[in-house]
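Per-entry structural report
What follows is each chain in one-letter form.
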Amino acid sequence: MTQIPAPKNLRPLTSLRFVAALWVVLFSFWPHLDTTLAPLLVEKGYLGVDLFFVLSGFILCHVYLERFGAGQFSYKAFIRARLARIYPLHLATLLAVMALGLAAGAAGIAISHNVLNWQSFIPNLLMVHAWGFTHEAGWNHPSWSISAEWFAYLTFPAYAFGAWRLRNRPLLAVLLAANFLVALHLLFPLWAGFSLTQATYHWGALRIVPCFAYGCALYLAYRQGPLHRPLAGTVLAVVLVLLSAGWLGSDTLTVLSCGSLIVALASLSDRNIPLLSSKPSVWLGEISYAIYMCCAPWLMVSTNLVARLTGDADKQFNLLIWLGIIIGLIVVSALAHHLIERPARQFLRR
């Protein structure tokens, strides 16, 4: 196939980041909804992280692979840009959890002892807490995936080297990456005793490896020839994700299906699809990192506060209050994005 010029800004994929973050939020917040039923699709919400991982490999190849192949890739500039992207908000939420934990202790509010796990503080501070340097969850627990992302950033030249070597053989690249992902999902439980998609602070850095490689391979397939009927492909990919996650309940098939969704949405980037490319959708995608990082601290604060106001010690709220907590998360995340994440990123890049 003839290589095609790709759009610089893949707006539908930015919107997809919000969907992935919302999937994780629903998984985390659902236990606080006053209902005895949880759809299987919601129970699989932890796979939103794996969707992020695949998407990350795709996007970084979109931005940097051509420069890497042309010998114009600066590893120092790349790491500086990546650090500016993730570290300020990671540090801010880490310190926020510390302040909340200390305040809760002083007020006599019972919290998990893992929240202020001082033994894991330095690994969290250095973003290596998913590399095997800590054996307990602590602080802002979702940040384990940021530690895994940091691992992928540091090793990105290895991914780029493999992708560049296979740039004219995209089908082979996708098959190799998909088979690697499936094999690791099958073999990891035999060694670790739990599934790869349950790896967080413990072996979380390994969890990103096949997903990131899969995303890089999918980018090669997209660049060689995007879908001729991307809208139909997107509908089919959504159906595949819903079937694999919501009906079959298969983690591996869901991650593979998410890859097809990424390619389909990328192929839609030159189309005017209001739902995917509108300013509100893209804005939600832009604050998705803040949504993900603020999720756990906000859950801790909001559920305790609402429980005290309503007298609901079980912290299981009616639908209206539950939706209000989620809307509150989006508001807090927007403030974190515009007041902390974005200004700090611009400052560090300067």
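Residues numbered from 1 in each chain as written. Predicted model: local features only at pLDDT ≥ 70, side-chain atom pairs only at ≥ 80, totals over all residues. Heavy atoms only, no water.

As annotated in an unreviewed UniProt entry, the protein carries the name Acyltransferase and is attributed to Brevundimonas terrae.

**Considerations on the overall build of the protein**
Across its full length, the protein carries 15 helices and zero strands. For 350 residues, the compact-globule estimate of 2.2 N^0.38 gives 20 Å, and the C-alpha radius of gyration of the protein, at 20 Å, lies within 12% of that figure. Projected onto the principal axes, the alpha-carbon positions of the protein cover approximately 65 × 45 × 40 Å. Looking at the protein as a whole, 50% of its 350 residues qualify as buried. Considering only contacts within the protein whose residues lie at least 6 apart along the sequence, 76% involve residues at least 24 apart. Charged side chains of the protein number 23 positive and 12 negative; the gap between the two group centres comes to 16 Å. (Helix = DSSP H or I, 4+ residues; strand = E, 2+ residues; numbered from the N terminus. Rg over C-alpha atoms; globule rule 2.2 N^0.38 Å. Buried < 20%, exposed > 50% of the residue type's maximum accessible area, 1.4 Å probe, protein only. Contact = heavy atoms within 4.5 Å. Lys, Arg positive; Asp, Glu negative; His and termini not counted. Charge placed at Lys NZ, Arg CZ, Asp CG, Glu CD.)

**Here's the deal with the pattern of salt bridges**
What the rule picks out here adds up to five salt bridges. Arg223 is the partner of Glu66 in a salt bridge, and the nearest nitrogen-oxygen pair spans 3.8 Å. Pair noted here: Glu66 is in helix α3 (residues 48–69) and Arg223 is in helix α9 (residues 204–224), with a separation of 157 residues, a long-range link. Owing to a relative accessible area of 37%, Glu66 belongs among the partly exposed residues under this scheme. (Salt bridge = Lys/Arg side-chain N within 4 Å of Asp/Glu carboxyl O.)

**Side note on the packing of aromatic side chains**
Think of a pair of aromatic rings as described by two things: how far the centres are apart, and how the planes are tilted against each other in angle. Counted according to the given criterion, the structure contains 24 aromatic pairs. Look at Tyr219 and Tyr222: their rings are 6.2 Å apart centre to centre, the planes differ by 50 degrees, and that puts the pair in the tilted class. Taken together, the residues span about one helical turn, with Tyr219 and Tyr222 both in helix α9 at a distance of three residues. Cluster of aromatic residues (ring-pair linked, three or more members): Tyr64, Phe68, Phe73, Phe78, Tyr153, Phe156, Tyr159 and Phe212. Between Arg82 and the ring centre of Tyr153, over which it is positioned, the NZ or CZ distance is 5.4 Å. (Phe/Tyr/Trp six-rings, centres within 6.5 Å; stacked < 30°, edge-to-face > 60°. Lys NZ or Arg CZ within 6 Å of the ring centre and 35° of its normal.)

**Here's the deal with α9**
Relative to the 30 Å expected for 21 residues at 1.5 Å per residue, α9 spans 32 Å between its end C-alpha atoms, a close match to the ideal helical length. Within α9, 19 of the 21 residues are buried, which leaves it mostly tucked inside the rest of the structure. (Expected span 1.5 Å × (residues − 1).)

**Let's talk about the nonpolar core**
Within the largest apolar cluster, 92 residues are counted, with the highest numbers of intra-cluster contacts made by Leu13, Phe29, Phe58, Phe156 and Tyr214. The leading source of residues in this core is α9, at 12 residues. If near-sequence neighbours (up to four positions away) are discounted, Tyr214 is found in contact with Val54, Val174, Ala177, Ala178, Leu181, Val255, Leu256, Gly259 and Ser260. With eight residues, the next largest nonpolar core counts Leu94, Met98, Val115 and Trp139 among its residues. (Core = buried A, V, L, I, M, F, W, Y, C linked by side-chain atoms within 4.5 Å.)

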